[in-house]
Amino acid sequence: MAVKRNQYKEEEKTKTKKSKEKRDSGLFFKLKTFFSDERLHKTFGLLCILFGLFSIVAIISYLFTWKNDASIIDGKSLGFIFDSEEEVANWLGKFGAITAHQFLKIWFGLSSVFIPFYLILLGVRVLFKIKLLPLFKTIKIGFVSMIWFSIFFALLFDVPYDFMGGLFGEQIILWTKGAFGMIGSIFFVMFTGFIGVVVLFNPSFDWVKERFERKSEETEEDFEATPIVNNVLKNEQIQKDVISQTIDLDDENEVEEVAKEETNDLELELELEETSSEPEEIKEEEKEIVEVESTNESDEDFEVTIPDEETVLEDGEMRDLVKEFGPYDPKLELSSYKLPSIDLLEDYGGGGIQMNKEELELNKNKIIETLQNYNIEISKIKATIGPTVTLYEIVPAPGVRISKIKNLEDDIALNLAALGIRIIAPMPGKGTIGIEVPNSSPDIVSMRTLIASDKFQNSKMELPVALGKTISNETFIADLAKMPHLLMAGATGQGKSVGLNAILVSLLYKKHPSQVKFVLVDPKKVELTLFNKIERHFLAKLPGEEDAIITDVSKVVATLNSLCIEMDNRYEMLKDAMVRNIVEYNAKFVARKLNPENGHEYLPYIVLVIDEFADLIMTAGKEVEMPIARLAQLARAIGIHLIVATQRPSVNVITGIIKANFPSRVAFRVTSKIDSRTILDAGGADQLIGRGDMLFSPGNELIRLQCGFVDTPEVDAITEYIGSQRAYPDAHMLPEPELDGDGGSSKELDESLDPLFSDAAEIIVNAGQGSASNIQRKLKIGYNRAGRIIDQMEATGLIGPHKGSKPREVYIQDVFALEQFLQNLKDKGLL
């Protein structure tokens, strides 16, 4: 163990040394050295102090010279200071006048003096290392005060001293006067001031409550004082009367002595009551001590065992672990693993956009001509060239209804003789209408250009996925961990399988085998077979299975149930670790704050990919739908993400439960508008041109992308490169699923059969076939009870198993054999 630890230390030192040498030789180190130079800090501090003092003097001067300077400076730019013809009266000349004018007239008025004041504080701290006031608290209080006093001075001062509140305060007061009037503006200023005080200082109003409580207590004492005195006097009189009846009335001294004794008794009772009002906890502790002592005295053989508490690492022990071993490194077991080289991917188009000016001009003229034929005028048109389509943005003339342009989709497509015209009216976030026209010679977006892009390589996302390029030829990167699940649909041959490969390749180029695992479901048996080579690196499977890629439907159900168990186990780990998601959990585990002996481990992301969901729904139905819906609802926080693809986006395949839990959708070209609305809840997918042209919906908008193309030989080369490296002993093992086996029938036999079992058996034998609907109709019972009786008949051996659409086989052919069969069940106590 010591040898292995020393080896780890040497490897960590080597890594640290290499990274330090690389960092010291880069541009980052030079920039860091420049900005950490003390001379730069002193220069910056001195400039802040000088400009702050200059601005304060200029503002003070402007208060006396504004009549002369305001009319000259207003509307002038900074170049005004070099104009020798104009003269100003400010004490600091033209630059002082234009500075003060900017602060007072343009910005926040007199309250703008906070800005140079804060600059002076900042400069003193940087130059002299003196902390006059806390910077962040000062800027918070000063900013809120500057905003409020600007509004207050604008309300207080009117013409000609309108510069006291600045342009900001003036506009706010004009708006409030127009909306609420003068009285309402006063209330608005008072209300905002109160809100500012509460936000900044959070004052306590307990003094109001205490004052009212004090008044109420004084009132109660005034009302209750006399009755209390009267009651005391009455009690004393009653005591004297009782005493006088029990002793000799002539002995007054004796009466007084007895009365004194009674008074002492009352005082003793009061003291006892005050003593009994001690905290109950002390009494309970004393009671427990007495019970333990009495128990020890009475029963010497009684032995009490207190279980040991689980050891919890203190902060010092955690720091010692991190100091001795360093932070936990999940990549250490495969420390020699190398990410695939970019050279394994082909460059199909060079990433450039070929611009055809003649085609652009022709399409522009045809669009304008078509709109003019329907008396629709436009004021502006703009073209954005993409790899597959060109977006023409038009600004309609005032008074033109958007619906008129939207209804001309087919007419524009006819005039342009193009396939897949799509009109976006209006474009989100813009005051334009978009018309997407396919290019005559579309470019191929190679996966190489996406992976090599700076946006992907420097991405800080947990699970970055390079989906393709936008219309403006920008690389589009999405985070699968934020989606958190993806639903894909598209007709056959439109790029759906290429899109799945692009997602998987993106993760292979970004993640280490310890960070992500794939569960691949391929009912077609041919689409995902190439990933078998990385089984011991990236794939997860059930215990005892030979193939990690699942092709059998029964194994799909078992795998989904296993993932549900994995999800529950991970949530238990998160609960014990007192964190909310997998990122926080892994960070805590890496910092060695979680003990592996207590069942904690580093959790990799698990990505479930289902290539053809429609086939699973047709063969397994609810057995597949329910665990997928459960995973989609709950598995986001613990790092299990789903990618479900289908070529048949109909409502019986993509049900409401599935759609509700898959907010992110990808639609390749589909055959009808109904399919487009099923997958996207909007039209447009039927207007795509195919070959990777797709619409991505992250939940609130539609983004048109050209999917990155990755061919089968490229995937083969990538998986071959990864598979040739040192791997784990086996694939990542999922938990053993809890499947119902043959034990279910024997359990049925141990229970009493349904009271209508005999009648139902007679109906089945007479009909010659087992049918739950037949029993339901003849016995007038519910379908659930009829189905339960059918299950009991199968368990007892009366009928055969379910055979799909065919009726169940009845093993007993006549009534006499049935009577003997039922008698045997009665003898066993089942009937």
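Residues numbered from 1 in each chain as written. Predicted model: local features only at pLDDT ≥ 70, side-chain atom pairs only at ≥ 80, totals over all residues. Heavy atoms only, no water.

**Structural notes on the overall build of the chain**
Here is the rule: Where helices and strands are cited, they refer to DSSP runs of H or I of at least four residues and of E of at least two residues respectively, numbered from the N terminus. Residue burial is assigned from relative accessible area. The probe radius is 1.4 Å, only protein chains are included, and a residue is buried under 20% of its type maximum, exposed over 50%, and partly exposed in between. Pairs of residues are marked as contacts when any of their non-hydrogen atoms sit within 4.5 Å. Here, Shrake-Rupley sampling with a 1.4 Å probe gives the accessible areas, and only protein chains in the shown set may cover a residue.
Secondary structure summary: the chain contains 30 helices and 15 strands in total. Here the chain holds 831 residues, and the buried ones make up 40% of them. The long-range fraction of contacts in the chain, counting pairs at least 24 apart against all pairs at least 6 apart in sequence, stands at 66%. When the accessible surface of the chain is totalled, it reaches about 48,600 Å², and 55% of it is carbon and sulfur.

**What about the confidence of the model for the chain?**
Fine structural detail should not be taken from predicted coordinates in areas where pLDDT scores are low. Formally: The pLDDT value tells you how sure the predictor is about a given residue, anywhere from 0 up to 100.
For the chain, mean pLDDT is 78; residues scoring 70 or higher make up 77% of the total. In the model, residues 222-315 has pLDDT below 50 throughout and makes 18 contacts with residues more than four positions away in sequence or in other chains.

**A word on the pattern of salt bridges**
Inclusion rule: Here, a salt bridge means any side-chain nitrogen of Lys or Arg that lies within 4 Å of a carboxyl oxygen of Asp or Glu.
Under the defined criterion, the tally for this structure stands at 18 salt bridges. Residue Glu436 pairs with Arg704 through a salt bridge whose shortest N-O separation is 2.4 Å. Of the two residues, Glu436 sits in strand β4 (residues 433-438) while Arg704 sits in strand β14 (residues 703-707), which places them 268 residues apart along the sequence. An identical accessibility class is assigned to Glu436 and Arg704; each is buried. For Lys541, the salt bridge identified is with Asp730, shortest N-O distance 3.8 Å. Of this pair, Lys541 sits in strand β9 (residues 540-541) while Asp730 sits in the loop between α25 (712-723) and β15 (732-733), placing them 189 residues apart in sequence. The network of salt bridges with shared partners includes Arg422, Glu436, Asp693 and Arg704.

**Examining the packing of aromatic side chains**
Two numbers describe a pair of aromatic rings. These are the distance of the centres and the angle of the planes. Under the convention used in this document: Aromatic rings from Phe, Tyr and Trp, taking only the six-membered ring of Trp, are treated as a pair when their centres fall within 6.5 Å; an angle between ring planes under 30 degrees marks them as stacked, one over 60 as edge-to-face, and anything in between as tilted.
This model, assessed by the stated rule, comprises 18 aromatic pairs. Ring plane angle 55° and centroid distance 5.2 Å describe the contact between Phe108 and Phe168, whose orientation is recorded as tilted. Of this pair, Phe108 sits in helix α4 (residues 93-108) while Phe168 is found in helix α7 (residues 166-201), placing the two residues 60 residues apart along the sequence. Look at Phe108 and you get buried, because its relative accessible area is 17%. Between Trp148 and Phe152, the ring centres sit 5.2 Å apart and the planes meet at 10°, which makes this aromatic pair stacked.

**Describing the environment of Ala682**
Position of Ala682 among the secondary structure elements: in the loop between α24 (673-680) and β13 (693-697). On a C-alpha basis, the gap between Ala682 and Ser697 in space is 10.0 Å, while along the polypeptide they are 15 residues apart. Non-local contacts of Ala682, meaning those with residues more than four positions away in its chain, are made with Ser676, Arg677 and Leu702.

**A word on the environment of Phe668**
Its location among the elements puts Phe668 in the loop between β12 (664-667) and α24. On the basis of relative accessible area, Phe668 is assigned to the buried category, the value being 0%. Here the alpha-carbon distance between Phe668 and Gln706, two residues 38 residues apart in the chain, equals 9.8 Å.

**Topic: the sheet that holds strand β3 (residues 422-424)**
Applicable threshold: A pair of strands is considered paired only if DSSP assigns at least 2 bridges between the two. Here an axis means a line fitted to C-alpha atoms, over the contact stretch when the element is a helix, while the angle between two N-to-C directions is reported on a 0 to 180 degree scale.
The four strands lie next to each other as β1-β2-β4-β3, forming an open sheet whose pairing is antiparallel. Only two strands of the sheet have a single neighbouring strand rather than two, namely β1 (378-385) and β3. On average, each strand axis in the sheet is inclined to that of its neighbour by 20°, with strand direction left out of account. Sheet topology places β1 next to strand β2 (residues 389-396); seven bridges connect them, and they run antiparallel. Opposite Ile381, over in β2, you have Ile394 as the bridge partner. Sitting on the sheet, helix α12 (residues 357-373) touches β1, β2 and β4, and the angle it makes with β2 is about 40°.

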